[in-house]
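This is what each chain is made of:
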Amino acid sequence: MLRRSQALETEIASRRESLGRLLTLRYLNGEQSAPKLLFSGEDPGRIARELHYYGYVSRAQAQFIGELRSSLARLKELENGTRERNTEIAAIESAGRAERAALINSRGSTAKCLRAFPAS
């Protein structure tokens, strides 16, 4: 479970980095809004191509963000599972310690009885 968690954290870090690069590139390229393009007075064919391109990029970005959210949700599930397992292990260890203490106490009582009534 630890390896899956580490692999998922690495995947999330990589996706975040990629998303950051994508957003930076979109900002640096000066992506224009659809209304601004439509009213720019430029060639309609060019405008249509750019809007089509922006649609592809936006869909890819939305899918990328969705996958990142999904990975974060899986990581949270793994963390919760790990936390539950740790709680179970702690309870088992505590029960084992209590049982051991009871056995030691019982052994002490048995030894006391044997000393009080020595075998003939």
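Residues numbered from 1 in each chain as written. Predicted model: local features only at pLDDT ≥ 70, side-chain atom pairs only at ≥ 80, totals over all residues. Heavy atoms only, no water.

J.: How would you summarise the overall build of the chain if you had to cite specific residues and measurements?
T.: Along its length, the chain carries three helices and zero strands. In sequence order, the secondary structure elements of the chain are arranged as α-α-α. Expressed as a percentage of the 120 residues in the chain, the buried residues total 15%. Long-range contacts, defined here as pairs at least 24 residues apart, represent 76% of the contacts in the chain between residues at least 6 apart. (Helix = DSSP H or I, 4+ residues; strand = E, 2+ residues; numbered from the N terminus. Buried < 20%, exposed > 50% of the residue type's maximum accessible area, 1.4 Å probe, protein only. Contact = heavy atoms within 4.5 Å.)

J.: I'd like a rundown of the nonpolar core, residues and numbers included.
T.: Grouped together as the largest cluster of nonpolar side chains are six residues: Leu-8, Ile-12, Leu-19, Leu-68, Leu-75 and Leu-78. Taken together, the elements giving at least two residues each to this core come down to helix H1 (2–28) and helix H3 (44–116). With near-sequence residues (within four places) excluded, Leu-19 lies in contact with Gln-61, Phe-64, Ile-65 and Leu-68. (Core = buried A, V, L, I, M, F, W, Y, C linked by side-chain atoms within 4.5 Å.)

J.: Tell me what's going on with the side chain of Gln-61, and back it up with residues and numbers.
T.: By the element assignment, Gln-61 lies in helix H3. Those residues in contact with Gln-61, other than ones at most four positions away along the chain, are Leu-19, Leu-22, Leu-23 and Arg-26.

J.: Any chance you could break down the environment of Ser-18 for me, citing the residues and the numbers?
T.: The residue Ser-18 is located in helix H1 in this model. Taking the C-alpha atoms as reference points, Ser-18 and Phe-64, 46 residues apart in sequence, are found 9.3 Å from one another.

J.: Pulling in residues and values, what's your account of the pattern of salt bridges?
T.: For the structure on display, the rule yields three salt bridges. Arg-74 serves as the salt-bridge partner of Glu-11, at 3.8 Å between the closest nitrogen and oxygen. You can see Glu-11 sitting in helix H1 and its partner Arg-74 sitting in helix H3, a full 63 residues away along the chain. Beyond isolated ion pairs, a larger network of salt bridges with shared partners links Glu-11, Arg-15, Glu-67 and Arg-74. (Salt bridge = Lys/Arg side-chain N within 4 Å of Asp/Glu carboxyl O.)

J.: If you had to explain the side chain of Ser-71 to someone new, which residues and values would you point to?
T.: Assignment of secondary structure puts Ser-71 in helix H3. Sequence-distant contacts of Ser-71, defined by excluding residues within four places in its chain, comprise Leu-8, Glu-11, Ile-12 and Arg-15.

J.: Explain H3 residue by residue, including any values.
T.: Here H3 is 73 residues long and its end C-alpha atoms lie 107 Å apart, about the 108 Å a rise of 1.5 Å per residue gives. Buried residues of H3: Ile-47, Glu-50, Tyr-54, Gly-55, Val-57, Gln-61, Leu-68, Ser-71, Leu-75, Leu-78 and Gly-81, and no others. (Expected span 1.5 Å × (residues − 1).)

J.: Pulling in residues and values, what's your account of the confidence of the model for the chain?
T.: On average, residues of the chain carry a pLDDT of 82, and 87% of them reach 70 or more. Mean pLDDT values over the elements of the chain span from 65, in helix H2 (residues 34–38), up to 87, in H3. (pLDDT = per-residue confidence, 0-100.)

J.: Please give an account of the environment of Ser-5 that cites residues and values.
T.: For Ser-5, the position within the fold is in helix H1. When its relative accessible area of 13% is taken as the criterion, Ser-5 is described as buried. For the pair Ser-5 and Lys-76, spaced 71 residues apart in sequence, the C-alpha separation works out to 9.3 Å. When near neighbours in sequence (up to four residues on either side) are disregarded, Ser-5 contacts Leu-75 and Leu-78.

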